[in-house]
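Architecture at a glance
For reference, the chains in residue letters:
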Amino acid sequence: MEDRYHPQEVEEKWQRLWEEKQSFRAAEDPARPKYYVLEMFPYPSGRIHMGHVRNYSIGDVVARYKRMRGHNVLHPMGWDAFGLPAENAAIERKIHPEAWTRENILYMKTQLRRMGLSYDWERELATCEPDYYRWNQWIFLKLYERGIAYKKKSSVNWCPSCETVLANEQVIEGACWRCETPVVEKELEQWFFRITAYADELLADLDRLPGWPDKVLAMQRNWIGKSTGAEIEFPLAGGEGALRVFTTRQDTVYGATFVSLAVEHPLALELARGTSQERAVGDFVERIKKAGLARRGEEEGEKEGVFTGSYCVNPFTGEKIPIYLANFVLMEYGTGAVMAVPAHDQRDFEFAKKYGLPIRVVIQPQGAALAPEAMREAYADEGVMADSGPFTGLPSAEGKEKVALHLEEKGWGKKDIRYRLRDWGISRQRYWGTPIPIIYCPKCGVVPVPEKDLPVALPRDVPFTGKGGSPLAESKKFVETKCPRCGGAARRETDTMDTFVDSSWYYFRYTSPKFDAAPFDPDKAGYWMPVDQYIGGVEHAVLHLLYARFFTKALRDLGLAKVGEPFANLLTQGMVSKETYRCEDHGWLFPAELAGSDQAGWRCPHCGKPAVKGRVEKMSKSKKNIVDPEDLIAAYGADTARLFTPPVALYFPASRRHERRRIGDGARRAFAGAQGLAAAHAPDDQKSH
Ligand SMILES: [Zn+2]
Ligand SMILES: [Zn+2]
Ligand SMILES: [Zn+2]
């Protein structure tokens, strides 16, 4: 026997054998326990990186372990193939997005094969294939029939650089998640999915996911943001109508000394008309709208407002109080109108101080007596109601209930539940996505494309200019069509779907990837679903993972899915990080190009100045702290690369090494350790976008 191990020969031999024997083909077998392990599928960007290696190695370890334990394992792989980079490549390099995507898929597939991952490649899918995206369109039509897909005019987040609409989830601290350009607000007709119809169930079912990390559960809970409170009507003084406000603190209603409206409130301009404030209000509305939607909800921002010149009446005190517009009130949340209680809400407090509005204490903390003049900040906790008419002396919790009942008796309002969750806007002014299967007829209006005419295929004759607007609108052949209802001339919808639609149900498709009577075969999905172990990045905690849960419930209600939750267990694998180096003149440097040593210090190869060792950060091309998995595989073999990341310690951290002997206790325990370790690798201040 030779002393030296030659990974290339050994690995190639076994990989060939696995392929010949189709060792990883999966078929339904009711006699054996099934196990469905899935890694979030990649975007075919061109090459696999260390993050992929880590993600897929974890999945592969689980798949092989479960196979050896006698499970019938499904472990598929595919491509999240629609999206912006392909389109940008088309604009920059004049390659068709489809050609660019296919090339990348081919190359990355070769890379994945060389890694020796145990996939059932027979089930491979790519979301840009018409036989995949036709089912996006089919699902859209079913949801449209049920009123879950609908169209409305709305204020949207607009990235001026990508020239497209962004979902709230895609706006990170006021900027585009993809290019970090500050996002602005724009009014557009958009298609939406009514995810809010499932808000209660999406929230309640989080309690049935003990196999998910607490952190992700908490993020989803917070994102859905259920609040229980009351809607109260404040009649306009000296006019018709009323302002409806939503509050979770109706126990503070006696302390409401003004009302604040969002600049988008339908009455915002009308209330000022004919008053001396008309001009100031008009200017304010214009200025705030320009500032963009996303920034405005922020806690720290400067509170600004303007008096509308009009008043309303607090129904509880009978007092006339002024109506302001305020930059921090959003139309999206609640009703776009807020009863302002400066003594007990910090933003209202800052606002009242700035504009000299009265502060009235109506909740006293236990054993203390607040005085408005002495307050340096709002008292937002619960306490005992004070100066509140018949409710004075009641504890907050009891007061909330009594005030709500009183409202309903008097007809001033009602108990109410609100969600922070908004409907999912899916319209994108992009080419490389699924065409929305809708036709506009001058006689018949909005007409869904009949099922038999699916797929609505992406046209090829579209120029890629990057000038913005929907590229599909440039194809006459695509746009001009016949109305399916009256046969007259009509035109097609030219927006495409958010690519998060594609990834919301792909794990169902893997169970029957060639099925052509529906998105998937309900019986096969019935056997394999739910996914037993899902593995991916924590950056998907509220985007992909919430949409996938919503789709599963919607597909269940269409009679297709037999489960209500897609992923029984979730592992967020953390990030692969590495130290960074920088030259003050030449920016980020590749570690490999540095001259010097750890002892003597490192120098910039371009100018010889010291290279400063920076933080350990997520590997990224821009920071040049990347390791190419291909180099690792070429030098040491795929097994070593896989073992190297994630390290063995990920599964068996030092404190739990004894579990190696009790591996039969299940992967769950190892995963608990893995998650702790992954979390330690991924401090919260390191965001991955
Ligand atoms: Zn952008
Ligand atoms: Zn028609
Ligand atoms: Zn330099």
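Starting from 1, residues in each chain are numbered consecutively following that chain's sequence as written. Chains and ligands are labelled by the order in which they are written, letters from A for the one and numbers from 1 for the other. With pLDDT at 70 or above as the cut-off, local features in this predicted model cover only qualifying residues; side-chain atom pairs require 80 or more to be listed or tallied, and sums for whole chains, interfaces and linings still use all residues. No hydrogens and no water enter the side-chain calculation; it runs on all heavy atoms of the structure.

Looking now at the overall build of the chain. The helix and strand tally for the chain stands at 18 helices and 30 strands. Taken over the C-alpha trace, the chain has a radius of gyration of 29 Å; the compact-globule value for 689 residues is 26 Å, and the two agree within 12%. Sorting the 689 residues of the chain into buried and exposed places 52% on the buried side. Here, two residues are considered to be in contact whenever any of their heavy atoms come within 4.5 Å of each other. Pairs at least 24 residues apart make up 73% of the contacts formed inside the chain by residues separated by at least 6 positions. To measure how exposed things are, a 1.4 Å probe is used in the Shrake-Rupley method; for residues, cover is taken only from the protein chains shown. Looking at the chain as shown, the accessible area adds up to about 31400 Å², and 52% of this sits on carbon and sulfur atoms. Positive residues here are Lys and Arg, negative ones are Asp and Glu, while His and the chain termini are left out of the count. Note that the charge is assigned to NZ on lysines, CZ on arginines, CG on aspartates and CD on glutamates. Averaged over its 95 positive side-chain charges, the chain has a centre that lies 3 Å from the centre of its 94 negative ones. Put simply, DSSP marks the helices as runs of H or I at least four residues long and the strands as runs of E at least two long, and each gets a number from the N terminus on. Throughout, radius of gyration means the C-alpha value; the globule benchmark is 2.2 Å times the number of residues raised to the power 0.38. Exposure is judged per residue with a 1.4 Å probe applied to protein chains only, and the accessible area is read against the type maximum: over 50% gives exposed, under 20% gives buried, and values in between give partly exposed.

This part is about the coordination of the zinc ion (ligand 2). Surrounding the zinc ion (ligand 2) are the protein donor atoms Cys441 (SG), Cys444 (SG), Cys483 (SG) and Cys486 (SG), which sit 2.2 to 2.4 Å from the metal. Nitrogen, oxygen and sulfur within 2.8 Å of a metal are treated as its donors, or within 3.2 Å for sodium, potassium and calcium (Na, K, Ca); water is not counted, so a site can appear incomplete. Donor residues for the zinc ion (ligand 2), ordered by position in the chain, follow C-x2-C-x38-C-x2-C. Remark: Cys483 occurs in the loop between β21 (480-482) and β22 (489-492) and Cys444 occurs in the loop between β19 (438-441) and β20 (445-448); sequence separation between them is 39 residues.

Let us now look at helix α4 (residues 97-114). One fewer than the residue count of a helix, multiplied by 1.5 Å, yields its expected span. Helix length check: α4, at 18 residues, gives a terminal C-alpha distance of 26 Å against a target of 26 Å (1.5 Å per residue), a fit within 8%. Here α4 has its buried residues at Pro97, Trp100, Thr101, Asn104, Ile105, Met108, Lys109, Gln111 and Leu112. The buried residues of α4 all sit within an arc of 160° when viewed along its axis, so they share a single face. Opposite the buried face of α4, at more than 90 degrees from it, the exposed residues are Glu103 and Leu106. The inward-facing, buried residues of α4 abut α2 (50-68), α3 (84-93) and α15 (629-636). Where α4 terminates, the next one or two residues include Gly116, which has phi positive at roughly 70°. Read the arc as the range of directions from the helix axis to the C-beta atoms.

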